[in-house]
There are 2 protein chains.
Amino acid sequence: MLRLPSTTFKSLFKRASSTPDTPETVRNVQGWVKSVRVLKNLAFVDLQDGTTPHAVKLVVRRGGQAPGANQARSVLQLKTGQSVCVDSAVWTRTVGRQQLFELRASEDAVRVIGDVPATYALQKKAHSLAFLRANPVVKHRSNYLGALLRFRSQVELTLAQFMDDHDCTKVAPPVLTSGDCEGAGELFAVDSRYFGSKTYLTVSTQLHLEVLAAALNRCWTLSPCFRAETSDTNRHLAEFWMLEAELCFVDRVWDLTVFAEAMLKRVVGMCVARQNELLPLLVPAEHSDFDDAATVQERWNSLLQRKWPRITYTHAVELLTQQHATQPFQFVPNWGQDLQSEHEKWLASHFASPVFITDYPRECKAFYMKLNADKRTVACFDLIVPQMGELIGGSVREDNYDALVQEMTRRGMNAGDLEWYLALRQNGSVPHGGFGLGMERLVSWLFGAHNIRDAIPFYRTAGGSIQM
Amino acid sequence: MLRLPSTTFKSLFKRASSTPDTPETVRNVQGWVKSVRVLKNLAFVDLQDGTTPHAVKLVVRRGGQAPGANQARSVLQLKTGQSVCVDSAVWTRTVGRQQLFELRASEDAVRVIGDVPATYALQKKAHSLAFLRANPVVKHRSNYLGALLRFRSQVELTLAQFMDDHDCTKVAPPVLTSGDCEGAGELFAVDSRYFGSKTYLTVSTQLHLEVLAAALNRCWTLSPCFRAETSDTNRHLAEFWMLEAELCFVDRVWDLTVFAEAMLKRVVGMCVARQNELLPLLVPAEHSDFDDAATVQERWNSLLQRKWPRITYTHAVELLTQQHATQPFQFVPNWGQDLQSEHEKWLASHFASPVFITDYPRECKAFYMKLNADKRTVACFDLIVPQMGELIGGSVREDNYDALVQEMTRRGMNAGDLEWYLALRQNGSVPHGGFGLGMERLVSWLFGAHNIRDAIPFYRTAGGSIQM
């Protein structure tokens, strides 16, 4: 392990939990003041450094030598938000509570590095998420949003390891593309003078991933995607990150759902194993914006307890129709029409589990999906999860050249625009399929955050102008 | 480990090297035909599946039962590029050469899944990289470019693990931004009607990373960046991926170079440990486009052998001036001017090692770099590597509000545009620094590929219109 001049709090806690409980001098402990409580002979200062939700508890013995020019003349002057350096301290631990070890220092060992104005936005009290969103320069220093960022980081690493364990190669498909993968018409155009041809930001890397899967067998990416959505809800972002995977030699939706379930359960397993380190210790002021820790932990545990149900779209519509007869939805469930958000949420809540809904009507889905034998439905799935709704969408792809051209023609698409994509079906074509997972949706669902704006450091949404 | 219906070749080889050498039946082996050689009673078919550079050697016993409708009526009809399924085969191994195990199957066990046209681009012979680039739909199936993609994937995973080991949180800063981080004027504009304000694609995530580092202590990202470069060289891309890291409580360039060196040595260590799996077995036709395996392996070993030198820019200019006196460069080395590519390459070759060049003149570098005590140079570094030139650029950042505003004013910048960035210096500011590493440059340098276009699956460059 590399030794940098500063020590992270995470590594301090790690050392504290693995070394014998003898006093030890640590130097150069640097962080930000979370709270200060000054008594006559002692002061208690909580420090944070953003590598762990836990604070370092600093016990300062008051009245030291005459302070130098850069030293806090008194802990009385310490304020929430200041950055400080503790030149030297002795650590001690409370027996049986290893996480809550203390640093004991003298007053002259505590130096202020960077001050804060009297108007510093993050005071000791809990703020609402709305307040934090309005203060993007400091919002990530709150215990809750800091924990959310660290959580996302661990989720991403776990996914990368899962993919590597399953021989999936990570690839970097282009963000700048020539066309619209889905025909959804929600494209951002880029000034095209540079390339001399129409250029857009990608809405999905799937088509390029298919090219790469035909060379690598299994591949995946974690890449920003862009949709000029008009929906301004707590589940939509104009710029979001998508994990997409494409697997060759897969011809059944079933296999894709098995893969997706194993992948997500690996992530949840990591969450359960490391919950003390991942969950926030302090939460925002408005409890309607997030689930509390007990609810989140209960969700994690319940996700691992059983195999998640798979039902067909047709069966889903039957269930919805029965429900509608007793307790009407706003939208009547109708075979052939896409499921509404209220339908998805009811289904997930009915099963009290993530549910794979498979085999949607072909008219509800994109042109590249493999037609089932019934000619009415396609070999696809959506993973619907409680609270959130759709988390993953995937399908087996049409790997037959003639069938794909026919479907494109039927939809009035110009096959010439996707010649390269069609060429895959003429050059050693294989059955294959894949899926796309919205990273911010996954992170906010697992973390219990109700608005995916908080799952990305700086959100871009419909109607919100970009200030930084 | 999850069992999908197909077996990757990588996992087949892994099993073969860890199980006793007894014949075993394997089913459903699927891949693409690399080469076919037919003898009277036997045929030898090399299969690839893109998860490893190694081919599965298939020995087909000719003359089986009457073939079914979808079966290759004869191995005589097998062609390079076709996808095939071997329904059942028995594996055997050549003693002492575990990687070269064989599958033995009867002729009727081999089924063609997807055919190729007679014009299939990738024939058995070696192609040039120029030819492969012109065939983007199939180029990644070549042994060399396939190996390059797998190599990049392992490099990325190793970097992610290194960052996690050092308590760096992975973050997702925005791609859509309001301004130009560096003032370099090479921005791609995005249709701004959606956000109602000027919107660009990011050239560097650094400024946003600084906000996040002030909350997380250490953070990093791997994110696409965009520069409307006019340079059309083998080292420039309009869309590239950059690893950027930002570390708090760092006030010396030295510490940043130690971190960067440890990070890259971790990657090289992985390369050495896994070279048999990472290096290509077949190389393109034109040897001027890449280094051969022996050269690459020698490079990896030599990189680990010693500490990489650090020299100041001022010292570098002295060395260059001496060299210029005996063997003139095209550009005269001159203190105060940026180093030219030829200078960088000479320095790296002179030291026969990556070299950190530190403390450049302030006028050569960006506004946010920390001014040194001499008031003429800034606390920054470039890492220069043989063959490639600049691989990493980094610096300590100016963390003092007044000094930063003064420097922006001196440069004629509008401080109002970066109010949020300046606010960091007023709210618990700490010494911090970081760096940016071009992922494609790292990958092509380590892999010995001379053109970074090959280190990204689909390249976007000046003057190249986007076809897919």
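In every chain, residue numbers begin from 1 and rise along the written sequence. The naming scheme follows written order: chains are lettered A onward, ligands numbered 1 onward. Thresholds applied to this predicted model are a pLDDT of at least 70 for local features of residues and 80 or more for the giving and counting of side-chain atom pairs; totals over whole chains, interfaces and linings are not thresholded and use all residues. Only hydrogens and water are set aside; all other atoms, that is, all heavy atoms of the structure, feed into the side-chain values.

## Regarding the sheet that holds strand β17 (residues 432-438) of chain A
All names here are of chain A. Applicable threshold: Two strands pair under a simple rule: DSSP has to find at least two bridges between them. For the purposes of this entry, the term helix denotes a DSSP run of H or I that reaches at least four residues, the term strand denotes a run of E that reaches at least two, and both are numbered from the N terminus. Residues count as neighbours in contact if any of their non-hydrogen atoms are within 4.5 Å of one another. Here an angle of 0 to 180 degrees is reported between the N-to-C directions of two axes, which are lines fitted to C-alpha atoms, with helices fitted over the stretch in contact.
Across the sheet, which stays open at both edges, the eight strands sit in the order β7-β11-β12-β17-β16-β15-β14-β13 with mixed pairing between neighbours. Two strands close off the open sheet at either side, each with one partner strand: β7 (169-170) and β13 (310-312). As defined by bridge partners, β7 adjoins strand β11 (residues 218-226) across two bridges and the pair is classed as parallel. Bridge pairing links Thr169 to Cys219 in β11. The strands touched by helix α12 (residues 439-447) within the sheet are β11, β12 (239-248), β15 (380-385), β16 (389-396) and β17, with β17 carrying the most contacts at an inclination of about 55°.

## A few points about the environment of Ser153 of chain B
Counting through the fold element by element, Ser153 of chain B comes out in helix α3 (residues 143-165). Sequence-wise, Ser153 of chain B and Val443 of chain B are 290 residues apart; in three dimensions their C-alpha atoms are separated by 9.6 Å. Setting aside anything within four residues of it in sequence, one finds Ser153 of chain B in contact with Cys168, Thr169 and Lys170 of chain A.

## Quick look at the pairing of strand β5 (residues 102-106) of chain B
All names here are of chain B. Pairing geometry for strand β3 (residues 56-61) and β5, over five bridges, is parallel. Opposite Val59, over in β5, you have Arg104 as the bridge partner. Pairing of strand β4 (residues 83-92) with β5, which is carried by three bridges, proceeds in the antiparallel orientation. Bridge pairing in β5 links Thr92 to Glu102.

## Comments concerning the domain arrangement of chain A
All names here are of chain A. For clarity, the threshold we go by: Boundaries between domains were set according to an automatic or database domain assignment. Here, a salt bridge means any side-chain nitrogen of Lys or Arg that lies within 4 Å of a carboxyl oxygen of Asp or Glu. Whenever two N or O atoms come within 3.5 Å, that pair is a polar contact, provided that in protein one can donate a hydrogen and the other can accept it, and provided that, for residues adjacent in sequence, both atoms are side-chain atoms. Residues are sorted three ways: Asp, Glu, Lys and Arg are charged, Ala, Val, Leu, Ile, Met, Phe, Trp, Tyr, Cys and Pro are nonpolar, and all the rest, Gly among them, are polar.
Domain parsing of chain A yields domain 1 (9-63 + 73-120) and domain 2 (132-454). Averaged C-alpha coordinates put domain 1 and domain 2 at centres separated by 43 Å. Between domain 1 and domain 2, the contact holds nine residues from the first and 11 residues from the second. Counting across the interface, domain 1 meets domain 2 through one salt bridge. Applying the counting criterion to the domain 1 and domain 2 interface returns five residue pairs in polar contact (both at pLDDT 80 or more). Among the residues forming the side of domain 1 that touches domain 2, the class breakdown is two nonpolar, five polar and two charged.

## Here's the deal with the pattern of salt bridges
For clarity, the cut-off: For every residue, the accessible area obtained with a 1.4 Å probe (protein chains only) is divided by the maximum for its type, and the residue is called buried under 20%, exposed over 50%, and partly exposed between those limits.
A full pass over the atoms with the stated rule returns 56 salt bridges over all chains. In this structure, Lys170 of chain A engages Glu156 of chain B in a salt bridge whose closest nitrogen and oxygen atoms are separated by 2.8 Å. Placement of Lys170 of chain A in strand β7 and of Glu156 of chain B in helix α3 is noted, with the two residues assigned to different chains. The residues Lys170 of chain A and Glu156 of chain B share a single accessibility class, namely buried. Between Glu407 of chain B and Arg411 of chain B there is a salt bridge whose closest N-O contact spans 2.7 Å. Overall, Glu407 of chain B belongs to the buried group, its relative accessible area being 9%. Arg411 of chain B gets classed as partly exposed once you look at its relative accessible area, which sits at 30%. One connected set of salt bridges, linked through shared partners, spans Arg362, Glu363, Glu407, Arg410 and Arg411 of chain A.

## Here's the deal with helix α8 (residues 313-326) of chain B
All names here are of chain B. The condition that has to hold: Helix span is expected to be 1.5 Å times the residue number reduced by one. Directions are taken from the helix axis to each C-beta atom, and the arc is the one they span.
Compared with an ideal rise of 1.5 Å per residue, which puts 14 residues at 20 Å, α8 spans 20 Å between its outermost C-alpha atoms and is within 8% of the ideal. Restricting attention to buried positions, one finds in α8 the residues Tyr313, Ala316, Val317, Leu319, Leu320, Gln323 and His324. In a view along the axis of α8, the buried residues occupy a sector of 160°, so they form one face of it. Across from the buried face of α8, at angles greater than 90 degrees, the exposed residues are Gln322, Ala325 and Thr326. Next to the buried residues of α8 lie β13 (310-312), α9 (341-351) and β14 (355-358).

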